[in-house]
Amino acid sequence: MKKADCRVAVIGGGLSGLVIAVGLGKKGYRNVTVLEKDNRLGGKLFTIWYRGKSYELGAIFGLPVQQHLQALLKEFNIKSDGPNLTRVYYDRSGNKIMQIPKKVLSAFLEEVERLPVTLAEYSSLEKAKIEDLEQPLMMPFSQWCDYHRFRVLKRIYQHHFTSYGLGDIEQVPALYVLRILNYDTIMSLLDLPELFTWKTGVSTLIDALSQKIKNIRLGQKVIKIAGSNSQRLTVQTEFEQLEFERVVITAPLEQFSDLYEQDEEMINFLGGIKYQDYYVYAFIVDKLPKGCGVILEHLSNQNKGHIMIWNSRWESSHQDHLLTVYAYRHPDYSRLASLKVIENDLLRLGIANPRLYQLKCWKQSPYVDSVALQRGFYQKMEAMQGKHNVFLAGEIMSTVSMENCLRYANYLLNQYF
Ligand SMILES: Cc1cc2nc3c(=O)[nH]c(=O)nc-3n(C[C@H](O)[C@H](O)[C@H](O)COP(=O)(O)OP(=O)(O)OC[C@H]3O[C@@H](n4cnc5c(N)ncnc54)[C@H](O)[C@@H]3O)c2cc1C
């Protein structure tokens, strides 16, 4: 069938889905439909507006070292002209502390020197597609650090990985931590970080991409994908039944395990995908704390539910601004109890009378555990590419971050379309 006649459905209108839809257009596919369950595009890129200013409830920043993101910005002539986001470290009472205490400084320097040499042993980290995984990458990250004697770096990685809602380094395999925080990324976070943002929010990227896509359907949650004998796939939303020749799934894959009902291994693998429950609160406050702070004491597992990061995006002394704060959900707390914990933390930081403006509860940072990696999760996923004319993308395939989503989207387009 000619590309121009081939009907392709892209499920999910987040960054991965939109980049794939635009990329398909460039490759000559004229009949591409994006199906998005929400009434807005963007998924985890989610800018909100308050009194004329933009705030982020999802992704916030990019880094100069991220080549795919830079290329996208260049292609769409998007300027990274947003406010600065330099991070400062605090204890829970709001006193500034050093991220790397003086007494471990020399050990830290020794480890930083060793890091690139160690990472060079892991060539699988360099590829878009996850394959030929070296055994140690399947260990939980903290074990990987012990294995390579990275005592100080273990804490530094934890500061960045855990606070961004990406999970507990005692559980999440090294594969994910080292792909999300690759050498350049961790170094730019350690340096005076040049985190760039967008004045009109990260959703600027989504607006630019969506202009290039003709057929976007919102509020269309896909509930089932089924193959048929005629090479066609039936995609059922809550309202409609549609037919396509090819489907690309960028939404969480486990929702579509029905498609693989004959394949027990695939069903088990999909059932093993785990997420972090990560909350982003936006508060109206009478007084803003300065800039962007990280409370190091709150990054541990026993302090789940407490504020890890706060972000005063637009600095100002008056009350026209929002303060965003980030915390994992405590598994035993209701939303109300969780809010109380956050309000008490804010009080300790000197911020009284916060009024909740908006809360977003994310299923953040999908991963599979060491056992699933040992059993060949990614070999299986890659082997399923194109089976029933269905292609798999999105965060579990790419690992988290805008850069990784873009890299995997490009790989998928070049490899299969
Ligand atoms: C709080 C937070 C902060 C972050 N900060 C950063 C950052 O600063 N920098 C960075 O690079 N990355 C950051 N990230 C990660 C980054 O945002 C994501 O990795 C990336 O946006 C994922 O894009 P995606 O399209 O693959 O997935 P998603 O954005 O999750 O998109 C999937 C889409 O599928 C839709 N969907 C789900 N089920 C269905 C269905 N059944 N039918 C139809 N549609 C469906 C969803 O509604 C969603 O729109 C952050 C993420 C979060 C949550």
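Computed from a predicted structure; not experimentally measured. (Residues numbered from 1 in each chain as written. Predicted model: local features only at pLDDT ≥ 70, side-chain atom pairs only at ≥ 80, totals over all residues.)

A.B. asks: How should the sheet that holds strand β16 (residues 390-392) be read in this particular structure?
C.D. replies: Strand order in this open sheet of five strands is β6-β2-β1-β10-β16, and the pairing throughout is parallel. The strands lining the two open edges of the sheet, one partner per strand, are β6 (215-217) and β16. Looking at each pair of strands side by side, their axes are set apart by 20° on average, direction ignored. Bridging between strand β1 (residues 7-11) and strand β10 (residues 246-249) involves four bridges; their strand directions are parallel. Considered in β10, the bridge of valine 10 is made with valine 248. Strands β1, β2 (31-35) and β10 of the sheet are contacted by helix α1 (residues 15-26), whose axis makes an angle of about 175° with β2. (Pairing = 2+ DSSP bridges. Helix = DSSP H or I, 4+ residues; strand = E, 2+ residues; numbered from the N terminus. Axes fitted to C-alpha atoms, helices over the stretch in contact; angles between N-to-C directions. Contact = placed C-beta atoms within 7 Å.)

A.B. asks: What is the right way to look at the packing of helix α2 (residues 67-75) against helix α14 (residues 402-416) in this model?
C.D. replies: Relative to each other, α2 and α14 sit at 80°, their axes nearing to 7 Å. Our classification of the angle between α2 and α14 gives roughly perpendicular. For the pair α2 and α14, the contacting residues are His68, Leu69 and Leu72 in the first and Met402, Glu403, Leu406, Arg407 and Asn410 in the second. Residues of the contact of α2 with α14, tallied by class, amount to four nonpolar, two polar and two charged. (Parallel < 35°, antiparallel > 145°, perpendicular 65-115°, else oblique. Nonpolar A, V, L, I, M, F, W, Y, C, P; charged D, E, K, R; others polar.)

A.B. asks: Sorry, what's going on with the environment of methionine 98 here?
C.D. replies: For methionine 98, the location among the structural elements is in the loop between β5 (87-90) and α3 (105-119). Overall, the presence of 10 C-beta atoms within 10 Å leaves methionine 98 in the exposed class. For the pair methionine 98 and leucine 296, spaced 198 residues apart in sequence, the C-alpha separation works out to 9.8 Å. (Buried ≥ 20, exposed ≤ 12 C-beta atoms within 10 Å, placed from the backbone.)

A.B. asks: In this structure, what is going on with the environment of tyrosine 50? I would like to understand it.
C.D. replies: Tracing the chain through its elements places tyrosine 50 in strand β3 (residues 47-50). Of the residues examined, tyrosine 50 has 15 C-beta atoms within 10 Å and is grouped as partly exposed. Distance from tyrosine 50 to proline 140, taken between C-alpha atoms, is 40 Å for residues 90 residues apart in sequence. Contacts of tyrosine 50, omitting those with residues within four sequence positions, involve Tyr55, Leu322 and Tyr357.

A.B. asks: Would you mind showing me how to read the domain arrangement of the protein chain here?
C.D. replies: It is common to give the size of an interface as the accessible area that goes away when the parts come together. For the protein chain, the assigned domains read domain 1 (3-48 + 201-273 + 368-416) and domain 2 (107-185). Opposite the 14 residues of domain 1 that make contact, domain 2 presents 15 residues. No other element matches the four residues that α14 contributes to the side of domain 1 that touches domain 2. Along the lines of polarity and charge, the residues of the side of domain 1 that touches domain 2 split into five nonpolar, six polar and three charged. (Domains from an automatic or database assignment.)

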